[in-house]
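# Overview (structure and organization)
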Amino acid sequence: MSAPADVGHVRAGVLPAEGSRLRWALTDAATLTGRYLAHLRHQPAELAGAIGFPILLVLMFAFLLGGMMAVPGGGDYRQALLPGLFTMTMLFGLSATMVAVVTDAQRGITDRFRSMPMAPSAVLVGRAAADMVTSAITLGALLLVGLAVGWRPSGGPAAFVAAVGLLLLLRFALLWVGIYLGLLVRSPGAVTAVQTLEFPFGFLSGLFVAPATMPLVVGAVAEWNPLSSTAAATRALFGNPGWGGDSWVAQHPVLMAVVWPLVIVAVFAPLSVHRYREMSR
Amino acid sequence: MTPAVTAEAIRKRYPGSGALALDGFDLSVPPGTVHGLLGPNGAGKTTAIRILTTLLRADSGRATIAGFDVGTQAAHVRRQIGLVGQYAAVDEILDGRRNLVMFGRLFHLSPAGARSRADELLERFGLTGAAGRSVGRYSGGMRRRLDLAVSMILAPAVLFLDEPTTGLDPRGRAEVWDAVRALVAGGTTVLLTTQYLDEADQLADRISVLAHMGEVGGRVIAEGTPDELRSRVGGDRIDLVVHHPADLPAAAGLVRRVTGSEPEVDAATRRVAAPVGDRMAALAAMVHGLREEGIDAEDLTVRRPTLDEVFLQLTGAPTVEVAA
Ligand SMILES: Nc1ncnc2c1ncn2[C@@H]1O[C@H](COP(=O)(O)OP(=O)(O)O)[C@@H](O)[C@H]1O
Ligand SMILES: [Mg+2]
């Protein structure tokens, strides 16, 4: 270590390159997005796991379970299955986001950020942006695997893009739930609980079977599950067979696949920012 | 001159917890000095640091950093402070250099500025050789130094260090101490918490002793320079253990002459002990005296009072470990 005076003289309060708040919020968010993406490069195994698990599900459903299931009114089950699995993968992103948020909080990094002169939104937006990148990569890989196992979208390019957009919109909404829960809990045990709950939440929907085949009340809950709307909307847009259904929500899948995520964001994004600012205050 | 840090009658109770974590916490730190917050586990040190760094809101009381109120002017406060928390808050996955560049960017240095500042700090903190290594593979001391380097990117006016050397080996502690001294030489005010009396002694200009007393929550039970505190609790002690019980009277006589006070003699452990003023002179005189008088000594030590002894003196009760 060299002479003490070299370490730096007090110049706090004078932040270099003063600029508009918004510009700094965006710059900070971009810096943090870069941080999370660098994590992916340094931990390729984690990304491989995040992509590999849904691929495994596709193979299991397509080759092991799919043979037993049928689409009411006819149709190839595998064609209906894949949009459900895409949607399920978006759901898994929730706990992935939560794990990342809890890890930063436990390592004290979140506190360091909070003690710095940074826009609170930057940390959360950085997280969100990075998760969207990861999810887009995962979804891309999954679409290819789907094609490889015989899934055939037939709705045309515009509808295809719209379906992918709806899937990512759902992911975007759920990541705010993940951020909020990650800021809320204190123990890694809670993460496991959320990961475990993702499965029943995913199955209590129209992702894999038609809600009409479920007991009455359960079926109604499943139809109103936001995942059902995204799955039904993407099936329609991909030109895949779906479950149909007589209820209002089943009749308006594309509308609800937009409304549900917007409602979730409107609730959980402000909650997250508030929680981040006030965390344990 | 505006004090760098003030706290007045801070109270804090964690939701769902019965006892007050802080109960009337007071503090005043002049600029350019090092202040030690000394206390056992659970005394409320981290709570105090978190309140002063705007991470936690006090239930009542007032605190300022460089004149800015931590409750109502948090954004201003954050421009004045650096925080090195109890657990090194650096990115484990990235390498040391990328950590510094990233935080430099978050402190709004230009990309080039962040890079050159990173190289500067790596050099100053002796981390250049490890700059490209993932922080997950750093030693505890290296991680702490990187943590310090991050908090020095913009050389803050006030730096908070929460138990900066807990869990480090002696070499790691020495490295951190050197780094802290270097920061202070640059004009930074430092508030550091520690469980170690000798650490506060080594680094701090003044020390506040924080403790829970009985039903009362954490508060400062003594404040002063290390010397003032030591004179309150009695200074160093000399311990002499002899081989043969027959030597005890001669040994007691020697200790009495050297220390000028009446020694305690414990026949069972063949130990003679007394408080001592000038520790090094006393040690030299003891070694000389033992040889002169042909006393066969088994052990001779001069030691500082332990933290437990300090607390025993200040509170009249042994330290109570509160689960953190
Ligand atoms: N998040 C928390 N929730 C409830 N109690 C807490 C929390 N953090 C600390 N405490 C309690 O507050 C007291 C002071 O803790 P802390 O400030 O961490 O002490 P120190 O840093 O001196 O070890 C302890 O009794 C501890 O158990
Ligand atoms: Mg602590």
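Residues numbered from 1 in each chain as written. Chains lettered and ligands numbered in written order. Predicted model: local features only at pLDDT ≥ 70, side-chain atom pairs only at ≥ 80, totals over all residues. Heavy atoms only, no water.

## Some remarks on the interface of chain B and chain A
By a widely used convention, the size of an interface equals the accessible area lost when the partners come together. Counting residues at the interface gives 52 residues for chain B and 42 residues for chain A. For the pair chain B and chain A, the summed buried area comes to about 4400 Å², and 58% of that belongs to carbon and sulfur atoms. Interface area lost by chain B to chain A is led by Arg 79, His 108 and Arg 124 of chain B, which between them contribute 18%. Here chain B and chain A share four salt bridges between them. The interface formed by chain B and chain A includes 10 residue pairs in polar contact (both at pLDDT 80 or more). Elements with a minimum of two residues in the side of chain B that touches chain A: strand 6 (81–84), helix 3 (96–106), helix 4 (111–124), helix 5 (140–151) and helix 6 (170–185) of chain B. In terms of residue count, the dominant contributor to the side of chain B that touches chain A is helix 6 of chain B (six residues). For the side of chain B that touches chain A, the class distribution of residues is 29 nonpolar, eight polar and 15 charged. (Contact = heavy atoms within 4.5 Å. Buried area = accessible area lost by both parts, 1.4 Å probe. Salt bridge = Lys/Arg side-chain N within 4 Å of Asp/Glu carboxyl O. Polar contact = N/O pair within 3.5 Å; in protein donor to acceptor, adjacent residues only side chain to side chain. Helix = DSSP H or I, 4+ residues; strand = E, 2+ residues; numbered from the N terminus. Nonpolar A, V, L, I, M, F, W, Y, C, P; charged D, E, K, R; others polar.)

## What about the coordination of the magnesium ion (ligand 2)?
Residue and element names in this part refer to chain B. The coordination sphere of the magnesium ion (ligand 2) contains the protein donors Thr 46 (OG1) and Gln 86 (OE1), at a distance range of 2.0 to 2.4 Å. Separated by 40 residues along the polypeptide, Thr 46 in helix 1 (residues 45–52) and Gln 86 in the loop between strand 6 and helix 3 bring together distant segments of the chain. Overall, Thr 46 belongs to the partly exposed group, its relative accessible area being 26%. (Donors = N, O, S within 2.8 Å, 3.2 Å for Na, K, Ca; no water. Buried < 20%, exposed > 50% of the residue type's maximum accessible area, 1.4 Å probe, protein only.)

## Regarding helix 7 (residues 188–203) of chain A
All names here are of chain A. Between the first and last C-alpha of helix 7 there are 24 Å, a value that for 16 residues agrees with the 22 Å anticipated at 1.5 Å per step. What helix 7 keeps buried is the set Ala 190, Val 191, Val 194, Glu 198 and Gly 202. Buried positions along helix 7 lie against helix 3 (77–106), helix 6 (157–184) and helix 9 (226–238). (Expected span 1.5 Å × (residues − 1).)

## Thoughts on the domain arrangement of chain B
Once the domains are mapped, chain B shows domain 1 (5–230) and domain 2 (236–303). A separation of 41 Å is found between the C-alpha centroids of domain 1 of chain B and domain 2 of chain B. (Domains from an automatic or database assignment.)

## Some points on the confidence of the model for chain B
Residues and elements named next belong to chain B. Confidence in the prediction for chain B averages 88 pLDDT; 93% of positions are at 70 or higher. Within the model, the stretch residues 319–324 combines pLDDT values under 50 with nine contacts to residues more than four positions away or in other chains. Both scores are given for the predicted complex: the pTM is 0.81, the ipTM 0.84. (pLDDT = per-residue confidence, 0-100.)

## Considering unusual backbone geometry
Residue and element names in this part refer to chain B. The backbone of Thr 54 shows a phi angle near 70°, a positive value even though the residue is not glycine. Within the secondary structure layout, Thr 54 lies in the loop between helix 1 and strand 4 (60–65). With a relative accessible area of 1%, Thr 54 lands in the buried category.

## Examining the packing of helix 6 of chain A against helix 9 of chain A
Working note: a packed helix pair is described by the angle between its axes plus the distance between those axes. All names here are of chain A. The contact between helix 6 and helix 9 brings their axes to 8 Å, and the two run at 165°. Classified by the angle between their axes, helix 6 and helix 9 sit roughly antiparallel to one another. The two elements helix 6 and helix 9 cross, and the hand of that crossing is left-handed. Taken together, the residues of helix 9 that come into contact with helix 6 (itself represented by Ala 159, Phe 160, Ala 162, Ala 163, Leu 166, Leu 167, Leu 170 and Leu 174) are Leu 227, Thr 230, Ala 233, Thr 234, Leu 237 and Phe 238. Of the residues contributing to the contact of helix 6 with helix 9, the split by class is 12 nonpolar, two polar and no charged. (Axes fitted to C-alpha atoms, helices over the stretch in contact; angles between N-to-C directions. Parallel < 35°, antiparallel > 145°, perpendicular 65-115°, else oblique. Left-handed = near helix turned anticlockwise from the far one by under 90°.)

## Observations regarding the packing of aromatic side chains
Working definition: an aromatic ring pair is given by the centre-to-centre distance plus the angle between the planes. Applying the stated criterion across every chain, the model contains 14 aromatic pairs over all chains. Each ring, one from Phe 86 of chain A and one from Phe 238 of chain A, has its centre 6.1 Å from the other, and the planes form 70°; the classification is edge-to-face. Highlighted residues: Phe 86 of chain A in helix 3 and Phe 238 of chain A in helix 9, separated in sequence by 152 residues. There is no split in this pair, since Phe 86 of chain A and Phe 238 of chain A are both buried. The structure contains a cluster of three or more aromatic residues connected by ring pairs, namely Phe 86, Trp 151, Phe 160 and Phe 238 of chain A. The ring of Phe 103 of chain B has Arg 112 of chain A lying over it, and the distance from NZ or CZ to the ring centre is 5.5 Å. In this structure, Lys 12 of chain B is placed above the aromatic ring of Tyr 14 of chain B, and the distance from its NZ or CZ to the ring centre is 5.8 Å. (Phe/Tyr/Trp six-rings, centres within 6.5 Å; stacked < 30°, edge-to-face > 60°. Lys NZ or Arg CZ within 6 Å of the ring centre and 35° of its normal.)

## Side note on the pairing of strand 3 (residues 34–38) of chain B
All names here are of chain B. Within strand 3, five of the five residues are buried, which leaves the element mostly enclosed by the surrounding structure. Side-chain alternation along strand 3 places Val 34, Gly 36 and Leu 38 on one buried face and His 35 and Leu 37 on a second face that is also buried. With five bridges joining them, strand 3 and strand 8 (residues 189–194) adopt parallel strand pairing. Among the inter-strand pairings, His 35 is bridged to a residue of strand 8, identified as Leu 191. Direction of pairing for strand 3 relative to strand 9 (residues 206–213): parallel, over a ladder of four bridges. Among the inter-strand pairings, Leu 37 is bridged to a residue of strand 9, identified as Ser 208. (Pairing = 2+ DSSP bridges.)

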